[in-house]
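# Tertiary structure, described
Each chain, written out:
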Amino acid sequence: MHRIVILVSGRGSNAQAIVQACAADSWPAQVVAVVGNRPGAAAFEMAAGHGIATALVDHTRHASRAAFDAELARVIDGFAPTLVLLAGFMRILTDGFVQHYAGRLLNIHPSLLPAFAGLHTHRRAIEAGCKLAGATVHIVTPTLDHGPILAQAVVPVMAGDTPQALSDRVLAAEHQLYPLAVGWWVRGQLQVDGGVVRHTGGAAQLLLLA
Ligand code: GRF
């Protein structure tokens, strides 16, 4: 049984999609905690509603990034996770933290990486005239929004899209993509070969929603 800890900063809609898929699809896994860095994050309420433990590690109460990450790791490790998921966790993590969870730390990013790492992905995609946008689930490495890709979802950028409209379309895709990729992970269906992740059963690692 995998023990999953989900890190959040706000709304937690991706965390909710994971929690629901874990139960509905009988993953060999349990979401053991939702850990966040912002008091009052909606994700805490969602987790509590599902009977999942929550913990707050408030970054504003730590003098340095390293001190925050050390406390965050201490709290996470208290739940003895085998897998840690970033789901809208809006803090840059130190190399030490990432190394500590090497190979068991995943992230979802709202762009087709390696394009548009970092913030404001939807505005940047529209301004660049992209016709496609999407989301990526990847293994976290010390480089921000970089690492072996488990799966990607592609959606169209429509003429006249606002960043919000595109964000809504990508978020709906994220809610399919993240559970799909994590489901493969907990069932042991993925093989990491250097920088490339393959589904051992040949499942399509691309969700074409365009
Ligand atoms: C998602 O778009 C995620 O990809 C990004 O932040 C957003 C979080 O949304 N990193 P939510 O908190 O999961 O609803």
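Treat the numbers as computed from the prediction; the structure is a model and nothing was measured. (Residues numbered from 1 in each chain as written. Predicted model: local features only at pLDDT ≥ 70, side-chain atom pairs only at ≥ 80, totals over all residues. Heavy atoms only, no water.)

## Some words on the overall build of the chain
Per the secondary structure count, the chain includes 6 helices and 10 strands. Over its C-alpha trace the chain gives a radius of gyration of 16 Å, about what one expects of a compact globule, namely 17 Å for 210 residues. Each principal axis of the C-alpha distribution contributes one length, and for the chain these read about 45 × 40 × 35 Å. Restricting the contact set of the chain to residue pairs at least 6 apart, pairs at least 24 apart contribute 62%. In the structure as shown, the chain presents an accessible area of about 9600 Å², 55% of it carried by carbon and sulfur atoms. The positive charge centre, built from 14 side chains, and the negative charge centre, built from 13, are 1 Å apart in the chain. (Helix = DSSP H or I, 4+ residues; strand = E, 2+ residues; numbered from the N terminus. Rg over C-alpha atoms; globule rule 2.2 N^0.38 Å. Contact = heavy atoms within 4.5 Å. Areas by Shrake-Rupley, 256 points an atom, 1.4 Å probe, with all protein chains shown as cover. Lys, Arg positive; Asp, Glu negative; His and termini not counted. Charge placed at Lys NZ, Arg CZ, Asp CG, Glu CD.)

## Notes on the site of the ligand
Around the ligand, a shell composed of Arg 11, Gly 12, Ser 13, Asn 14, Gly 88, Ile 108, Pro 110, Leu 171 and Glu 174 is seen. Between the ligand and Arg 11 there is a distance of 2.6 Å, counted from an oxygen atom to a side-chain nitrogen or oxygen. Between the ligand and Glu 174 there is a distance of 2.6 Å, counted from an oxygen atom to a side-chain nitrogen or oxygen. If the ligand stood free it would expose 370 Å²; the protein chains cover 85% of that surface. Only α1 (13-24) and α6 (163-186) provide two or more residues apiece to the shell around the ligand. By residue class, the composition of the shell around the ligand is 3 nonpolar, 4 polar and 2 charged. When we break the shell around the ligand down by domain, the ones giving at least three residues each are domain 1 (1-101) and domain 2 (108-210). (Near = heavy atom within 4 Å. Polar contact = N/O pair within 3.5 Å; in protein donor to acceptor, adjacent residues only side chain to side chain. Nonpolar A, V, L, I, M, F, W, Y, C, P; charged D, E, K, R; others polar. Domains from an automatic or database assignment.)

## So, the environment of Gly 40
For Gly 40, the location among the structural elements is in the loop between β2 (29-36) and α2 (42-49). Spatially, the C-alpha atom of Gly 40 lies 9.5 Å from that of Ser 9, the residues being 31 residues apart in sequence.

## Considering the pairing of strand β1 (residues 2-8)
Of all 7 residues making up β1, 5 are buried, and the element is well covered by its neighbours. Note that β1 and β2 share 7 bridges and pair parallel. Along β2, the bridge assignment pairs Ile 4 with Val 31. On the question of chirality, the crossover connecting β1 to the parallel β2 by way of α1 is right-handed. In this structure, β1 lies alongside strand β4 (residues 83-86), joined through 4 bridges in parallel fashion. When the bridges of β4 are listed, Ile 4 appears paired with Leu 83. (Buried < 20%, exposed > 50% of the residue type's maximum accessible area, 1.4 Å probe, protein only. Pairing = 2+ DSSP bridges. Right-handed = clockwise from strand over helix to strand, strands pointing away.)

## Description of the domain arrangement of the chain
Domain annotation of the chain identifies domain 1 (1-101) and domain 2 (108-210). In this structure, domain 1 and domain 2 have C-alpha centres spaced 20 Å apart. Contact with domain 1, which involves 21 residues of that partner, is made by 16 residues of domain 2. Across the domain 1 to domain 2 interface the summed buried area is about 1600 Å²; carbon plus sulfur atoms make up 71%. Counting across the domain 1 and domain 2 interface gives 0 salt bridges. Taken together, the connections running from domain 1 to domain 2 amount to 4 residue pairs in polar contact (both at pLDDT 80 or more). (Buried area = accessible area lost by both parts, 1.4 Å probe. Salt bridge = Lys/Arg side-chain N within 4 Å of Asp/Glu carboxyl O.)

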